[in-house]
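Working through the structure, step by step
Below, each chain spelled out in residue letters.
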Amino acid sequence: MQHDNRTGRVAGARWVASPNFDDRPAGTRINALVIHCISLPPGHYGGGEIERFFLNRLDHHEHPYFEEIRGLQVSAHFLVSRTGTAVQFVSTLDRAWHAGRSVLDGIPEVNDFSIGIELEGVDDDGFTDVQYDTLVVLTRSLMEAYPEISAERLVGHCDVAPGRKTDPGPGFDWQRYRRDLGG
C-alpha cells in the first residue's frame, strides 16, 4: 500500500467516497492514528452494512439496532474487513468523523489531527491474522507519509474517549500490532 501525499489516498485500498467529512483546521499537522472496531449489526460480519452506514445509506428497517443509529453521520478514513480488505472512505487530507468528542494528550477534537482506522469486529472478539497484516502495512504507509505519527501516537478509540468508548477492546492484540510494526 502506498500513500499518495497529493490526494491523501492509499493505493491498494478500495476507494468508496463518504460524504461524512470536512476540512481539517488550517495548519493542522496529522500526528495520531486511532484504531476502532465496528460491526453492523453488532457481532455480524461480512455484509455491506458498514459501508452503507458510512455512506448514509443504511436501511434502518433491516435490523432493530439500525434504528438506534438512525441519523448518525460518521466515517473513518479506512476500514479493514475480516478478510483483510482495506477500504478508504475519506482522504487523509480531510477530517473524517470517527472519534467524536475526544482528547489526546490534553488536546481536544482528535478528529482534527488524526487518521481513523476501523477494524471489522467487536471489542471482545479477536481479530483475524489478515486484518493485522493489512493494518500493519497500512500503518507503515501512513507513518511514512506522516512522520509525526510515532508509535506513541497509535491509540485506541478507548484512549481518546475514555468512559464513552471501549474499542478496539480487549480482543485487539496491541502487543502483536506493535511487534509486527517493528517497535
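Just so you know, the residues in each chain are numbered from 1, in the order the chain's sequence is written. Reporting of local features is limited, given that this is a predicted model, to residues whose pLDDT is at least 70; pairs of side-chain atoms are given and counted only at 80 or more, and all residues count toward the totals for whole chains, interfaces and linings. By convention in this description, side-chain values take in all heavy atoms of the structure and omit both hydrogens and water.

**Side note on the overall build of the chain**
- Starting at the N terminus, helices and strands are each numbered in turn, a helix being any DSSP run of H or I of at least four residues and a strand any DSSP run of E of at least two. Secondary structure assignment for the chain yields 5 helices and 12 strands.
- C-alpha atoms define the radius of gyration, and 2.2 Å times the number of residues to the power 0.38 defines the globule rule. Against the compact-globule benchmark of 16 Å for 183 residues, the chain has a radius of gyration of 15 Å, which places it among compact chains.
- Dimensions of the chain, computed from C-alpha atoms along their principal axes, come out at roughly 45 × 35 × 35 Å.
- The cut-offs for exposure are 20% and 50% of the maximum accessible area for each residue type, with area from a 1.4 Å probe on protein chains only; residues under the lower value are buried, those over the upper are exposed, and the others partly exposed. Each of the 183 residues in the chain was classed as buried or not, and the buried ones make up 51%.
- Pairs of residues are marked as contacts when any of their non-hydrogen atoms sit within 4.5 Å. Partitioning the contacts of the chain with sequence separation of at least 6, the portion at a separation of at least 24 is 70%.
- For the chain, the exposed surface amounts to about 8600 Å²; the carbon and sulfur share of it is 51%.
- Counting rule applied: Lys, Arg positive; Asp, Glu negative; His and chain ends not counted. A single reference atom marks each charge: NZ on Lys, CZ on Arg, CG on Asp, CD on Glu. Each charge class in the chain can be summarised by its mean position, and for the 18 positive and 27 negative side chains these summaries are 4 Å apart. Reported accessibility uses the Shrake-Rupley method at a 1.4 Å probe radius. Residues are deemed covered only where the shown protein chains occlude them.

**Quick look at the sheet that holds strand β5 (residues 32–38)**
- Two strands qualify as a pair provided DSSP detects at least 2 bridges between them. The sheet built from 6 strands is open, its strands ordered β3-β7-β6-β11-β5-β12 with mixed pairing. Whereas interior strands pair on both sides, the edge strands pair on one side only; in this sheet they are β3 (14–15) and β12 (154–156).
- Bridge count for strand β6 (residues 78–80) against strand β11 (residues 114–120) is 3 bridges, and the pairing is parallel. Bridge assignment links V80 to a residue of β11, and that residue is L119.
- This element, helix α3 (residues 129–145), spans β5, β6, β7 (86–88), β11 and β12 of the sheet and lies at about 170° to β11.
- Simply put, an axis is a line fit to the C-alpha atoms, just over the touching stretch for a helix, and the angle between two N-to-C directions goes from 0 to 180 degrees. Against the sheet, helix α5 (residues 174–181) makes contact with β5 and β12, and its axis sits at roughly 160° relative to β12, the strand it touches most.

**Focus: the environment of P25**
- Position of P25 relative to the elements: it lies in the loop between β4 (21–23) and β5.
- Residue P25 is classed as partly exposed on the basis of its relative accessible area of 34%.
- Between the alpha carbons of P25 and N111 there is a distance of 10 Å; along the sequence they are 86 residues apart.
- Those residues in contact with P25 that lie beyond four places of it in its chain are R95 and D112.

Purely geometric stuff here, so don't read any function into it on its own.
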